[in-house]
Amino acid sequence: MDWISSDTSLSTRDSVTSQIGLLWQQVRVPLLVPFLRIMVVLCLAMSLMLFVERVYMGIVIAFIKLLRRKPEKKYKWEPVKDDLELANYSYPIVLVQIPMYNEREVYQLSIGAACNLSWPADRILIQVLDDSTDPTIKAMVEQECRRWTGKGVNIKYEIRDNRKGYKAGALKEGMKHNYVKLCDYVAIFDADFQPDSDFLMRTIPFLVHNPEVGLVQARWKFVNSDECLLTRMQEMSLDYHFTVEQEVGSATHAFFGFNGTAGVWRIAALNEAGGWKDRTTVEDMDLAVRAGLKGWKFVYIGDLKVKNELPSTFKAYRYQQHRWSCGPANLFRKMALEIAANKKVSMWKKCYLIYSFFFVRKIVAHIVTFVFYCVVMPATVLIPEVQVPIWGAVYIPSTITLLNAVGTPRSLHLLVFWILFENVMSLHRTRATFIGLFEAGRVNEWVVTEKLGDALKTKMSSKASKKDRFRIGERYKLHFMEIFVGLYLLFCGWYDYSFGKNRFYIYLFLQSMAFFVAGFGYIGVFVPNS
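Residues numbered from 1 in each chain as written. Predicted model: local features only at pLDDT ≥ 70, side-chain atom pairs only at ≥ 80, totals over all residues. Heavy atoms only, no water.

The protein chain appears in an unreviewed UniProt entry as glucomannan 4-beta-mannosyltransferase from Nicotiana tabacum. Within the UniProt record for the protein chain, the comment given under Sequence similarities (unreviewed entry) is "Belongs to the glycosyltransferase 2 family. Plant cellulose synthase-like A subfamily." You can read under Subcellular location (unreviewed entry) in the UniProt record for the protein chain the words "Golgi apparatus membrane". (UniProt positions renumbered as here; feature names shortened; annotations may be inferred.)

See the structure below:
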């Protein structure tokens, strides 16, 4: 009797399997094949957009470097000089704003760097905008301001009753004080930024001698880029932004996105643009676009670097990337028609803003990276009737990757890791982009990026035992979206290895492992003591 029941169960199992197989065949040909073909065409079109954009910027940056077109050659630049008759009055009054929120580890660094800027003491005013909710930290920041006041520095400690508008709200409130009316320019530094003493001496002359210039932006220099693989990956992505995107925007259109810190605004330009607004999580880009539409020009100084810190935990980095991806998409939704209707700037600049700056870089770049390389291409393994041409699967992404890598030559040996990591992050960037475009859920979520400052190494060395570093649990949360995508890619890789002809399985196995590493929380959890 046992063999009869065994045969019956096998027969039932075979019947179910055959029914599933039949259903798959019935659904695949009339529904999935046409849909996947459409998706491949759309993804190839987006890949071409991104490819053309990257090649164009690569050509422009090559000419800039070959011709040595520095901002000092394009714009008038002369150092601000002492005048025997006017004394220090030849120097404009500069406001330095430092917005912060519970910045226990870095507040002394930023305040100290700002107070050591080379500028006549009676022509500079430092404003610490403290939105901290921790009373202990507030007391520490206020005490630090008093300490510098005792040294003769003109520094103001400003707080408010609420955190309305977050950073934009704090900066806006700071501009309302009566003493700000005496200032001509405002320099802004986030709490972890440490400008060199000559920062104002190098930036202010562009504003003084060129009345059409509304913003001067410096480059970021990462003090903790070697802390772990996570920070090295971030450095590679951001170096391209500063080495190529900002440089090209400044040279070709005198426009780029303000980075929110390490820059100096002409207060007249800031006010004409409507001041700070908190309608998105990228208040800096919002202000830059509005000022650009008023006709103000921006200058980027690539060889002026301001030290700052990269997020060294995956949690902090995810929150930051959500904000940086969701905000621009949401701003594009709000400003696309306003840009198109603008009468003050040329049609060429409007096309640049709508197509290149927003659509290709802030939307297409995120969507195509995840949808094409992590969803559509793996799906073609399961549906062999749909093929991705080799130029779309290999040549275009390889060229884009190599062009991205020029920003950080020292990390070329990490290129494969960077590709895998960027594809993992594209999941969150794509999700955030759609949230911004459709104004859903977390569209206005603002989580301040955690900074560790000088405490980074001491915390890791004194508190993190080997057991702690690799423990999964309360500290290292499981990320189920990454795990799900990892399983999907692993299945596609196995199917391609067993039955397919595409030979994508090497990439699929590696990419699935990258998603699993992120999903199980093993990114940014170990910082080597160096």
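Caption draft 1: Inspection of the pairing of strand E6 (residues 263-266) at higher detail. Of the two faces of E6, both are covered, the one formed by Gly263 and Trp265 as well as the one formed by Val264 and Arg266. In this sheet, E6 lies alongside strand E4 (residues 185-188) in antiparallel orientation, the contact comprising four bridges. By the bridge assignment for E6, Tyr185 is matched with Arg266. Taken together, the three bridges between strand E5 (residues 213-222) and E6 define a ladder with antiparallel strand orientation. Counterpart to Gln217 in the pairing with E6 is Gly263. (Buried < 20%, exposed > 50% of the residue type's maximum accessible area, 1.4 Å probe, protein only. Helix = DSSP H or I, 4+ residues; strand = E, 2+ residues; numbered from the N terminus. Pairing = 2+ DSSP bridges.)

Caption draft 2: Here's a closer look at unusual backbone geometry. The backbone of Arg68 sits at a positive phi, close to 50 degrees, despite the residue not being glycine. Relative to the assigned elements, Arg68 resides in the loop between helix H1 (2-67) and helix H2 (71-74). For Arg68, a relative accessible area of 63% corresponds to the exposed category. Within the chain, Asn102 stands out as a residue other than glycine whose phi angle is a positive 50 degrees. The exposure class of Asn102 is partly exposed, given its relative accessible area of 24%.

Caption draft 3: Representation of the UniProt feature "transmembrane region" (unreviewed entry) in the protein chain within the structure. When the UniProt feature table is mapped onto this chain, "transmembrane region" (unreviewed entry) is found at residues 38-64, 352-383, 395-421, 476-498 and 504-527. Annotation note: span residues 38-64, helix share 100%, strand share 0%, distance between end C-alpha atoms 39 Å. Helix makes up 97% of residues 352-383 and strand 0%, and the two end C-alpha atoms of the span are 38 Å apart.

Caption draft 4: Highlighting the side chain of Gln127. Here Gln127 shows up in strand E2 (residues 124-130). Here Gln127 falls in the buried class, since its relative accessible area comes to 0%. At 2.8 Å, the side chain of Gln127 and the side chain of Gln97 are in polar contact. Look past the residues within four positions of Gln127 in its chain and what remains in contact with it is Leu95, Val96, Gln97, Ile98, Lys156, Glu158, Gly174, His177, Tyr179 and Val180. (Polar contact = N/O pair within 3.5 Å; in protein donor to acceptor, adjacent residues only side chain to side chain. Contact = heavy atoms within 4.5 Å.)

Caption draft 5: Quick peek at the packing of aromatic side chains. For the structure shown, the criterion picks out 25 aromatic pairs. Note on Trp265 and Phe298: the rings are 5.7 Å apart at their centroids and 75 degrees apart in plane angle, and the pair reads as edge-to-face. On the criterion of sequence distance, the pair formed by Trp265 in strand E6 and Phe298 in strand E7 (residues 297-308) is long-range, its members being 33 residues apart. Considered together, Trp265 and Phe298 belong to a single accessibility category, that of buried residues. For the ring pair Phe516 and Phe520, a centre distance of 6.5 Å and an interplane angle of 40 degrees mean the geometry is tilted. Residue class for Phe516 comes out buried when judged on its relative accessible area of 15%. On the basis of relative accessibility, which here comes to 32%, the residue Phe520 falls in the partly exposed class. (Phe/Tyr/Trp six-rings, centres within 6.5 Å; stacked < 30°, edge-to-face > 60°.)

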